[in-house]
2 protein chains.
Amino acid sequence: MKLLKERIIKDGIVKGKDILKVDNFLNHQIDIELFNEMGKEFKNRFKNNEVNKILTVEASGIGLACIIAQHFGNVPVIFAKKHEALNLDSETYESEVYSFTKNKSYKIRTSKKYISKEDKILIIDDFLANGNAAKGLIDIARQGDAEVVGVGIAIEKSFQPGRVEIEKLGVRVESLARIDGFNEGKVILKD
Amino acid sequence: MKLLKERIIKDGIVKGKDILKVDNFLNHQIDIELFNEMGKEFKNRFKNNEVNKILTVEASGIGLACIIAQHFGNVPVIFAKKHEALNLDSETYESEVYSFTKNKSYKIRTSKKYISKEDKILIIDDFLANGNAAKGLIDIARQGDAEVVGVGIAIEKSFQPGRVEIEKLGVRVESLARIDGFNEGKVILKD
(Lines give C-alpha, C1' and ligand atoms only; values in the text may rest on other atoms or scores of the structure.)
Protein backbone atom coordinates (compact mmCIF):
# COMPACT_ATOMS: atom_id res chain seq x y z
CA MET A 1 0.00 0.00 0.00
CA LYS A 2 1.69 3.08 -1.37
CA LEU A 3 0.42 5.58 1.20
CA LEU A 4 1.62 3.51 4.16
CA LYS A 5 4.99 2.78 2.57
CA GLU A 6 5.56 6.48 1.90
CA ARG A 7 4.66 7.26 5.48
CA ILE A 8 7.10 4.66 6.81
CA ILE A 9 9.88 6.18 4.69
CA LYS A 10 8.91 9.70 5.79
CA ASP A 11 8.32 9.15 9.50
CA GLY A 12 9.69 5.74 10.47
CA ILE A 13 12.79 5.77 12.66
CA VAL A 14 15.12 2.79 12.74
CA LYS A 15 16.49 2.04 16.18
CA GLY A 16 19.28 -0.45 16.60
CA LYS A 17 19.28 -3.54 14.39
CA ASP A 18 15.63 -4.34 13.96
CA ILE A 19 13.34 -1.87 15.72
CA LEU A 20 11.21 0.38 13.53
CA LYS A 21 9.60 3.25 15.42
CA VAL A 22 6.37 4.41 13.85
CA ASP A 23 4.94 6.02 16.93
CA ASN A 24 3.90 9.20 15.19
CA PHE A 25 1.16 7.54 13.14
CA LEU A 26 0.64 3.91 14.18
CA ASN A 27 1.19 2.91 17.77
CA HIS A 28 1.33 5.92 20.05
CA GLN A 29 -0.02 8.84 18.06
CA ILE A 30 -2.64 7.54 15.62
CA ASP A 31 -3.42 8.97 12.18
CA ILE A 32 -7.15 8.26 11.77
CA GLU A 33 -7.29 9.16 8.06
CA LEU A 34 -4.43 6.78 7.31
CA PHE A 35 -6.19 4.04 9.31
CA ASN A 36 -9.33 4.53 7.20
CA GLU A 37 -7.28 4.20 4.01
CA MET A 38 -5.82 1.01 5.46
CA GLY A 39 -9.35 -0.18 6.20
CA LYS A 40 -10.33 0.35 2.55
CA GLU A 41 -7.27 -1.57 1.40
CA PHE A 42 -7.96 -4.54 3.71
CA LYS A 43 -11.59 -4.59 2.55
CA ASN A 44 -10.36 -4.68 -1.01
CA ARG A 45 -7.96 -7.54 -0.31
CA PHE A 46 -10.60 -9.56 1.52
CA LYS A 47 -13.53 -8.54 -0.70
CA ASN A 48 -14.29 -12.14 -1.62
CA ASN A 49 -14.38 -13.25 2.00
CA GLU A 50 -17.20 -13.04 4.43
CA VAL A 51 -15.87 -11.49 7.64
CA ASN A 52 -18.23 -11.17 10.59
CA LYS A 53 -15.77 -10.40 13.37
CA ILE A 54 -12.36 -8.82 13.86
CA LEU A 55 -9.99 -10.15 16.48
CA THR A 56 -6.94 -8.31 17.77
CA VAL A 57 -4.85 -8.08 20.93
CA GLU A 58 -4.34 -5.13 23.26
CA ALA A 59 -3.05 -2.52 23.03
CA SER A 60 -1.72 -1.20 19.70
CA GLY A 61 -4.00 -3.35 17.56
CA ILE A 62 -7.24 -1.99 19.01
CA GLY A 63 -7.44 1.36 17.23
CA LEU A 64 -6.59 -0.14 13.87
CA ALA A 65 -9.10 -2.97 14.33
CA CYS A 66 -11.91 -0.53 15.24
CA ILE A 67 -11.33 1.71 12.23
CA ILE A 68 -10.96 -1.27 9.89
CA ALA A 69 -14.22 -2.82 11.19
CA GLN A 70 -16.09 0.13 9.67
CA HIS A 71 -14.99 -1.03 6.23
CA PHE A 72 -16.39 -4.51 6.88
CA GLY A 73 -19.91 -3.34 7.71
CA ASN A 74 -19.24 -2.42 11.34
CA VAL A 75 -18.57 -6.00 12.43
CA PRO A 76 -17.77 -6.37 16.15
CA VAL A 77 -14.16 -6.10 17.29
CA ILE A 78 -12.86 -8.36 20.04
CA PHE A 79 -9.56 -7.60 21.68
CA ALA A 80 -7.75 -10.36 23.53
CA LYS A 81 -6.48 -9.24 26.92
CA LYS A 82 -2.87 -9.56 27.97
CA HIS A 83 -3.50 -8.72 31.58
CA GLU A 84 -5.74 -10.11 34.27
CA ALA A 85 -8.94 -8.10 34.34
CA LEU A 86 -11.72 -8.10 36.90
CA ASN A 87 -14.27 -7.62 34.18
CA LEU A 88 -13.24 -10.65 32.13
CA ASP A 89 -15.35 -13.78 32.29
CA SER A 90 -13.96 -16.79 34.09
CA GLU A 91 -14.67 -18.89 31.01
CA THR A 92 -11.92 -17.94 28.56
CA TYR A 93 -9.92 -19.23 25.64
CA GLU A 94 -6.25 -18.74 26.43
CA SER A 95 -3.04 -18.96 24.50
CA GLU A 96 0.58 -18.55 25.52
CA VAL A 97 2.59 -16.03 23.52
CA TYR A 98 6.36 -15.80 23.64
CA SER A 99 7.72 -12.31 23.13
CA PHE A 100 11.25 -12.17 21.69
CA THR A 101 11.58 -8.45 22.43
CA LYS A 102 10.69 -8.96 26.08
CA ASN A 103 12.23 -12.43 26.31
CA LYS A 104 9.28 -13.83 28.21
CA SER A 105 5.91 -15.47 27.70
CA TYR A 106 2.54 -13.96 28.46
CA LYS A 107 -1.01 -15.22 28.17
CA ILE A 108 -3.68 -13.73 25.96
CA ARG A 109 -7.32 -14.52 26.59
CA THR A 110 -10.80 -13.83 25.35
CA SER A 111 -14.17 -14.65 26.83
CA LYS A 112 -15.67 -17.81 25.31
CA LYS A 113 -18.90 -15.87 24.75
CA TYR A 114 -17.55 -13.91 21.82
CA ILE A 115 -16.12 -16.64 19.62
CA SER A 116 -18.21 -19.39 18.09
CA LYS A 117 -18.27 -21.79 15.18
CA GLU A 118 -20.41 -19.38 13.14
CA ASP A 119 -17.60 -16.83 13.16
CA LYS A 120 -15.44 -15.89 10.17
CA ILE A 121 -12.66 -13.97 11.81
CA LEU A 122 -10.17 -11.50 10.41
CA ILE A 123 -7.20 -11.09 12.74
CA ILE A 124 -5.65 -7.61 12.75
CA ASP A 125 -2.40 -6.40 14.26
CA ASP A 126 -0.03 -3.51 13.75
CA PHE A 127 3.20 -5.48 13.35
CA LEU A 128 4.18 -8.96 12.23
CA ALA A 129 7.66 -10.15 13.18
CA ASN A 130 7.95 -13.65 14.61
CA GLY A 131 4.22 -14.14 14.40
CA ASN A 132 3.68 -15.31 17.95
CA ALA A 133 0.87 -12.89 18.80
CA ALA A 134 -0.95 -13.74 15.56
CA LYS A 135 -0.44 -17.47 16.20
CA GLY A 136 -1.92 -17.02 19.67
CA LEU A 137 -4.95 -15.28 18.18
CA ILE A 138 -5.39 -18.05 15.58
CA ASP A 139 -5.17 -20.59 18.41
CA ILE A 140 -7.88 -18.76 20.36
CA ALA A 141 -10.17 -18.46 17.32
CA ARG A 142 -9.76 -22.16 16.58
CA GLN A 143 -10.41 -23.15 20.19
CA GLY A 144 -13.79 -21.51 19.62
CA ASP A 145 -14.21 -23.47 16.35
CA ALA A 146 -14.26 -20.22 14.38
CA GLU A 147 -12.89 -19.94 10.87
CA VAL A 148 -9.86 -17.68 10.50
CA VAL A 149 -10.32 -15.87 7.20
CA GLY A 150 -6.90 -14.27 7.35
CA VAL A 151 -4.39 -12.19 9.22
CA GLY A 152 -4.21 -8.50 8.26
CA ILE A 153 -1.04 -6.67 9.24
CA ALA A 154 0.00 -3.05 8.88
CA ILE A 155 3.78 -3.58 8.82
CA GLU A 156 5.47 -6.92 8.23
CA LYS A 157 9.11 -7.51 8.95
CA SER A 158 9.60 -9.96 6.12
CA PHE A 159 13.09 -10.87 7.31
CA GLN A 160 11.55 -12.49 10.36
CA PRO A 161 9.62 -15.76 10.22
CA GLY A 162 6.09 -14.56 11.14
CA ARG A 163 4.52 -14.92 7.69
CA VAL A 164 5.90 -18.44 7.18
CA GLU A 165 4.76 -19.52 10.63
CA ILE A 166 1.20 -18.31 10.02
CA GLU A 167 1.03 -19.79 6.53
CA LYS A 168 2.10 -23.13 8.01
CA LEU A 169 -1.16 -23.02 9.95
CA GLY A 170 -3.04 -22.68 6.66
CA VAL A 171 -3.90 -19.03 7.21
CA ARG A 172 -3.57 -16.28 4.62
CA VAL A 173 -1.46 -13.23 5.52
CA GLU A 174 -2.03 -9.78 4.03
CA SER A 175 0.42 -7.05 5.01
CA LEU A 176 0.11 -3.47 3.79
CA ALA A 177 3.84 -2.80 3.95
CA ARG A 178 6.59 -5.41 3.91
CA ILE A 179 10.07 -4.62 5.12
CA ASP A 180 13.06 -6.56 3.86
CA GLY A 181 15.50 -5.10 6.34
CA PHE A 182 17.30 -2.02 7.49
CA ASN A 183 20.49 -0.54 6.11
CA GLU A 184 22.38 2.21 7.91
CA GLY A 185 19.24 3.49 9.59
CA LYS A 186 17.14 3.32 6.43
CA VAL A 187 14.14 1.07 5.82
CA ILE A 188 14.36 -1.32 2.87
CA LEU A 189 10.85 -2.00 1.62
CA LYS A 190 9.94 -5.12 -0.35
CA ASP A 191 9.05 -4.29 -3.97
CA MET B 1 -27.32 9.41 26.09
CA LYS B 2 -30.38 7.25 25.70
CA LEU B 3 -28.88 4.57 23.43
CA LEU B 4 -25.98 3.89 25.78
CA LYS B 5 -28.20 3.85 28.87
CA GLU B 6 -30.54 1.35 27.22
CA ARG B 7 -27.58 -0.80 26.29
CA ILE B 8 -26.25 -0.75 29.85
CA ILE B 9 -29.65 -1.86 31.16
CA LYS B 10 -29.91 -4.56 28.48
CA ASP B 11 -26.37 -5.96 28.54
CA GLY B 12 -24.60 -4.68 31.66
CA ILE B 13 -23.92 -7.25 34.35
CA VAL B 14 -23.40 -6.18 37.94
CA LYS B 15 -20.71 -8.14 39.74
CA GLY B 16 -20.29 -7.82 43.47
CA LYS B 17 -20.80 -4.39 45.02
CA ASP B 18 -19.49 -2.02 42.40
CA ILE B 19 -18.27 -3.76 39.26
CA LEU B 20 -20.30 -3.23 36.10
CA LYS B 21 -19.40 -5.62 33.30
CA VAL B 22 -20.04 -4.17 29.86
CA ASP B 23 -17.67 -6.42 28.00
CA ASN B 24 -20.11 -7.27 25.25
CA PHE B 25 -20.12 -3.77 23.76
CA LEU B 26 -17.50 -1.54 25.41
CA ASN B 27 -14.29 -3.06 26.67
CA HIS B 28 -13.75 -6.53 25.27
CA GLN B 29 -16.18 -6.91 22.40
CA ILE B 30 -16.70 -3.50 20.78
CA ASP B 31 -19.88 -2.27 19.09
CA ILE B 32 -18.60 0.08 16.38
CA GLU B 33 -22.00 1.55 15.51
CA LEU B 34 -22.62 2.43 19.15
CA PHE B 35 -19.16 4.02 19.36
CA ASN B 36 -19.99 6.20 16.35
CA GLU B 37 -23.22 7.31 17.99
CA MET B 38 -21.18 8.16 21.09
CA GLY B 39 -18.77 10.11 18.88
CA LYS B 40 -21.68 12.18 17.52
CA GLU B 41 -22.90 12.87 21.04
CA PHE B 42 -19.46 14.00 22.27
CA LYS B 43 -19.10 16.24 19.22
CA ASN B 44 -22.45 17.78 20.04
CA ARG B 45 -21.50 18.38 23.66
CA PHE B 46 -18.16 19.93 22.71
CA LYS B 47 -19.41 21.70 19.57
CA ASN B 48 -18.33 25.10 20.88
CA ASN B 49 -14.82 23.93 21.67
CA GLU B 50 -11.91 23.62 19.38
CA VAL B 51 -10.37 20.15 19.84
CA ASN B 52 -7.22 19.31 17.91
CA LYS B 53 -6.14 16.15 19.71
CA ILE B 54 -7.63 13.28 21.69
CA LEU B 55 -5.73 11.75 24.57
CA THR B 56 -6.55 8.41 26.17
CA VAL B 57 -4.79 5.60 27.98
CA GLU B 58 -4.32 1.99 26.93
CA ALA B 59 -6.08 -0.30 26.54
CA SER B 60 -9.88 0.05 26.68
CA GLY B 61 -9.93 3.76 25.83
CA ILE B 62 -8.14 3.37 22.50
CA GLY B 63 -10.99 2.06 20.34
CA LEU B 64 -13.42 4.64 21.66
CA ALA B 65 -10.93 7.47 21.17
CA CYS B 66 -10.23 6.44 17.56
CA ILE B 67 -13.89 6.27 16.58
CA ILE B 68 -14.68 9.54 18.39
CA ALA B 69 -11.77 11.31 16.64
CA GLN B 70 -13.63 10.87 13.35
CA HIS B 71 -16.37 13.14 14.66
CA PHE B 72 -13.83 15.85 15.49
CA GLY B 73 -12.40 16.08 11.99
CA ASN B 74 -10.02 13.11 12.27
CA VAL B 75 -7.81 14.75 14.88
CA PRO B 76 -4.86 12.60 16.01
CA VAL B 77 -5.32 10.22 18.93
CA ILE B 78 -2.52 9.75 21.44
CA PHE B 79 -2.67 6.88 23.87
CA ALA B 80 -0.61 7.02 27.03
CA LYS B 81 1.27 3.80 27.69
CA LYS B 82 0.99 1.88 30.92
CA HIS B 83 3.84 -0.46 30.17
CA GLU B 84 7.46 0.00 29.28
CA ALA B 85 7.78 -0.09 25.51
CA LEU B 86 10.89 -0.32 23.38
CA ASN B 87 9.36 1.97 20.82
CA LEU B 88 8.61 4.82 23.21
CA ASP B 89 10.85 7.87 23.22
CA SER B 90 13.15 8.39 26.16
CA GLU B 91 11.75 11.92 26.54
CA THR B 92 8.34 11.42 28.12
CA TYR B 93 5.75 13.09 30.30
CA GLU B 94 4.87 10.72 33.12
CA SER B 95 2.22 10.56 35.79
CA GLU B 96 1.59 8.15 38.62
CA VAL B 97 -1.87 6.59 38.73
CA TYR B 98 -3.21 4.75 41.74
CA SER B 99 -5.64 1.95 40.89
CA PHE B 100 -8.15 1.14 43.65
CA THR B 101 -9.26 -2.04 41.90
CA LYS B 102 -5.68 -3.33 41.70
CA ASN B 103 -4.55 -1.66 44.92
CA LYS B 104 -1.32 -0.46 43.37
CA SER B 105 0.18 2.43 41.47
CA TYR B 106 1.37 2.41 37.91
CA LYS B 107 2.93 4.99 35.63
CA ILE B 108 1.41 6.31 32.44
CA ARG B 109 3.57 8.09 29.91
CA THR B 110 3.49 9.80 26.55
CA SER B 111 6.27 11.01 24.32
CA LYS B 112 6.92 14.74 24.74
CA LYS B 113 6.77 15.07 20.96
CA TYR B 114 3.02 14.73 20.78
CA ILE B 115 1.85 17.28 23.33
CA SER B 116 2.52 20.98 23.01
CA LYS B 117 1.19 24.34 24.10
CA GLU B 118 -0.79 24.68 20.86
CA ASP B 119 -2.88 21.64 21.76
CA LYS B 120 -6.53 21.71 22.81
CA ILE B 121 -7.00 18.22 24.16
CA LEU B 122 -10.11 16.17 24.76
CA ILE B 123 -9.42 13.31 27.16
CA ILE B 124 -11.47 10.16 26.50
CA ASP B 125 -11.91 7.07 28.65
CA ASP B 126 -14.42 4.27 28.96
CA PHE B 127 -15.06 4.50 32.72
CA LEU B 128 -14.84 7.17 35.38
CA ALA B 129 -14.79 6.00 38.98
CA ASN B 130 -12.18 7.56 41.28
CA GLY B 131 -10.82 9.63 38.44
CA ASN B 132 -7.19 8.72 38.88
CA ALA B 133 -6.52 7.73 35.27
CA ALA B 134 -8.18 10.93 34.01
CA LYS B 135 -6.24 13.01 36.54
CA GLY B 136 -3.01 11.39 35.31
CA LEU B 137 -3.91 12.29 31.72
CA ILE B 138 -4.71 15.89 32.72
CA ASP B 139 -1.36 16.03 34.51
CA ILE B 140 0.44 14.81 31.38
CA ALA B 141 -1.39 17.28 29.10
CA ARG B 142 -0.56 20.14 31.44
CA GLN B 143 3.10 19.12 31.70
CA GLY B 144 3.15 19.74 27.95
CA ASP B 145 1.42 23.13 28.47
CA ALA B 146 -1.60 21.93 26.49
CA GLU B 147 -5.11 23.08 27.22
CA VAL B 148 -7.48 20.38 28.46
CA VAL B 149 -10.83 21.12 26.84
CA GLY B 150 -12.63 18.43 28.81
CA VAL B 151 -12.88 14.82 29.86
CA GLY B 152 -15.33 12.66 27.90
CA ILE B 153 -16.43 9.46 29.57
CA ALA B 154 -18.66 6.63 28.41
CA ILE B 155 -19.84 5.41 31.82
CA GLU B 156 -19.47 7.39 35.01
CA LYS B 157 -19.96 5.86 38.43
CA SER B 158 -21.41 8.97 39.99
CA PHE B 159 -21.29 7.44 43.49
CA GLN B 160 -17.50 7.55 43.30
CA PRO B 161 -15.51 10.78 43.52
CA GLY B 162 -14.02 10.95 39.99
CA ARG B 163 -16.16 13.78 38.65
CA VAL B 164 -15.56 15.97 41.71
CA GLU B 165 -11.82 15.31 41.62
CA ILE B 166 -11.58 16.33 37.95
CA GLU B 167 -13.76 19.40 38.38
CA LYS B 168 -11.48 20.48 41.23
CA LEU B 169 -8.75 20.72 38.60
CA GLY B 170 -10.94 23.12 36.63
CA VAL B 171 -11.75 20.59 33.92
CA ARG B 172 -15.21 19.93 32.50
CA VAL B 173 -16.53 16.36 32.61
CA GLU B 174 -19.05 14.98 30.12
CA SER B 175 -20.30 11.45 30.70
CA LEU B 176 -22.72 9.71 28.37
CA ALA B 177 -24.22 7.55 31.11
CA ARG B 178 -24.11 8.23 34.84
CA ILE B 179 -24.71 5.50 37.35
CA ASP B 180 -25.98 6.29 40.84
CA GLY B 181 -25.43 2.83 42.22
CA PHE B 182 -26.45 -0.78 42.07
CA ASN B 183 -29.37 -2.42 43.79
CA GLU B 184 -29.75 -6.21 43.95
CA GLY B 185 -27.77 -6.69 40.77
CA LYS B 186 -29.57 -3.91 38.91
CA VAL B 187 -28.03 -0.69 37.62
CA ILE B 188 -29.54 2.55 38.93
CA LEU B 189 -29.00 5.25 36.32
CA LYS B 190 -28.95 8.94 37.15
CA ASP B 191 -32.01 10.81 35.76
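The structure we're discussing is the one just above.
Here's what I pulled together on the structure shown here. (Residues numbered from 1 in each chain as written. Chains lettered and ligands numbered in written order. Predicted model: local features only at pLDDT ≥ 70, side-chain atom pairs only at ≥ 80, totals over all residues. Heavy atoms only, no water.)

1. Focus: the pattern of salt bridges
Logical step 1: Within this structure, the stated rule accounts for 42 salt bridges over all chains.
Logical step 2: Among the ionic pairs, D11 of chain A bridges to K10 of chain A, the shortest N-O distance being 3.4 Å.
Logical step 3: Where E165 of chain B meets K168 of chain B, a salt bridge forms, and the shortest distance between an N and an O atom there is 3.2 Å. Of this pair, E165 of chain B and K168 of chain B both sit in helix 5 (residues 162-168), 3 residues apart, which is roughly one turn of that helix.
Logical step 4: Overall, K168 of chain B belongs to the exposed group, its relative accessible area being 62%.
Logical step 5: One connected set of salt bridges, linked through shared partners, spans R7, K10, D11 and D31 of chain A. (Salt bridge = Lys/Arg side-chain N within 4 Å of Asp/Glu carboxyl O. Helix = DSSP H or I, 4+ residues; strand = E, 2+ residues; numbered from the N terminus. Buried < 20%, exposed > 50% of the residue type's maximum accessible area, 1.4 Å probe, protein only.)

2. Focus: the sheet that holds strand 8 (residues 120-128) of chain A
Logical step 1: Strand order across the open sheet formed by 7 strands is 11(A)-10(A)-9(A)-8(A)-4(A)-5(A)-3(B), with mixed pairing between neighbours. Only two strands of the sheet have a single neighbouring strand rather than two, namely strand 11 (186-189) of chain A together with strand 3 (29-30) of chain B.
Logical step 2: Of the strand pairs in this sheet, strand 8 of chain A and strand 9 (residues 147-157) of chain A are connected by 8 bridges, and their pairing is parallel. The residue of strand 9 of chain A that forms the bridge with L128 of chain A is E156 of chain A. (Pairing = 2+ DSSP bridges.)

3. Side note on unusual backbone geometry
Logical step 1: Backbone torsion omega between E58 of chain A and A59 of chain A reads 0 degrees, so that peptide bond is classified as cis.
Logical step 2: Here A59 of chain A is to be found in the loop between strand 4 (53-57) and helix 3 (61-69).
Logical step 3: The backbone of D145 of chain A sits at a positive phi, close to 60 degrees, despite the residue not being glycine.
Logical step 4: With respect to the secondary-structure elements, D145 of chain A resides in the loop between helix 4 (132-143) and strand 9.
Logical step 5: Overall, the relative accessible area of 54% leaves D145 of chain A in the exposed class.
Logical step 6: A positive phi angle is found at N103 of chain B, which is not glycine, with a value near 55 degrees.
Logical step 7: Looking at the secondary structure, you find N103 of chain B in the loop between strand 6 (92-99) and strand 7 (104-111).

4. Description of the packing of aromatic side chains
Residues and elements named next belong to chain A.
Logical step 1: Considering all chains together, one arrives at 4 aromatic pairs over all chains under this definition.
Logical step 2: Between the aromatic rings of F159 and F182, the centroid separation amounts to 5.7 Å while the plane-to-plane angle is 80 degrees, which identifies the pairing as edge-to-face. Of the two residues, F159 is situated in the loop between strand 9 and helix 5 (162-168) and F182 in strand 10 (residues 173-183); the sequence distance between them amounts to 23 residues.
Logical step 3: The class for F182 is buried, based on a relative accessible area of 17%.
Logical step 4: One Lys or Arg, R172, reaches over the ring of F46 and ends 4.3 Å from the middle of that ring. (Phe/Tyr/Trp six-rings, centres within 6.5 Å; stacked < 30°, edge-to-face > 60°. Lys NZ or Arg CZ within 6 Å of the ring centre and 35° of its normal.)

5. Quick word on the interface of chain B and chain A
Logical step 1: Opposite the 43 residues of chain B that make contact, chain A presents 43 residues.
Logical step 2: Carbon and sulfur atoms supply 56% of the area buried between chain B and chain A, which totals about 3,500 Å² over both sides.
Logical step 3: Joining chain B to chain A, the criterion identifies 0 salt bridges.
Logical step 4: Examining the composition of the side of chain B that touches chain A, we find that 6 residues originate from one element, helix 3 (residues 60-69) of chain B, more than from any other.
Logical step 5: Residue composition of the side of chain B that touches chain A, grouped by class: 17 nonpolar, 14 polar and 12 charged. (Contact = heavy atoms within 4.5 Å. Buried area = accessible area lost by both parts, 1.4 Å probe. Nonpolar A, V, L, I, M, F, W, Y, C, P; charged D, E, K, R; others polar.)

6. Quick word on the relation of the copies chain B and chain A
Logical step 1: Overlaying chain B on chain A yields an RMSD of 0.0 Å, the required transformation being a rotation through 180 degrees with an accompanying axial translation of 0.0 Å. Taken together, the rotation angle and the small translation identify this as a two-fold axis.
Logical step 2: When the interface residues of chain B are mapped onto chain A, 100% of them are again interface residues, pointing to one common binding face. (Least-squares fit on C-alpha atoms with pLDDT ≥ 70 in both.)

7. Quick notes on the pairing of strand 5 (residues 77-80) of chain A
Logical step 1: Taking every second residue as pointing to the same face, both faces of strand 5 of chain A are buried, with V77 and F79 of chain A on one and I78 and A80 of chain A on the other.
Logical step 2: In this sheet, strand 3 of chain B lies alongside strand 5 of chain A in antiparallel orientation, the contact comprising 2 bridges. If you follow V77 of chain A over to strand 3 of chain B, its bridge partner there is I30 of chain B.

8. Considering the sheet that holds strand 10 (residues 173-183) of chain B
Logical step 1: Read across the sheet, 7 strands follow the order 3(A)-5(B)-4(B)-8(B)-9(B)-10(B)-11(B) without closing on themselves; strand pairing throughout is mixed. The sheet terminates laterally at strand 3 (29-30) of chain A together with strand 11 (186-189) of chain B, the two strands that pair on one side only.
Logical step 2: In terms of strand pairing, strand 10 of chain B meets strand 11 of chain B through 4 bridges, oriented antiparallel. Directly across from I179 of chain B, in strand 11 of chain B, lies its bridge partner L189 of chain B.
Logical step 3: Each of strand 3 of chain A together with strand 4 (53-57), strand 5 (77-80), strand 8 (120-128) and strand 9 (147-157) of chain B is contacted by helix 3 of chain B, which is oriented at about 165 degrees to strand 4 of chain B, the strand it contacts most. (Axes fitted to C-alpha atoms, helices over the stretch in contact; angles between N-to-C directions.)

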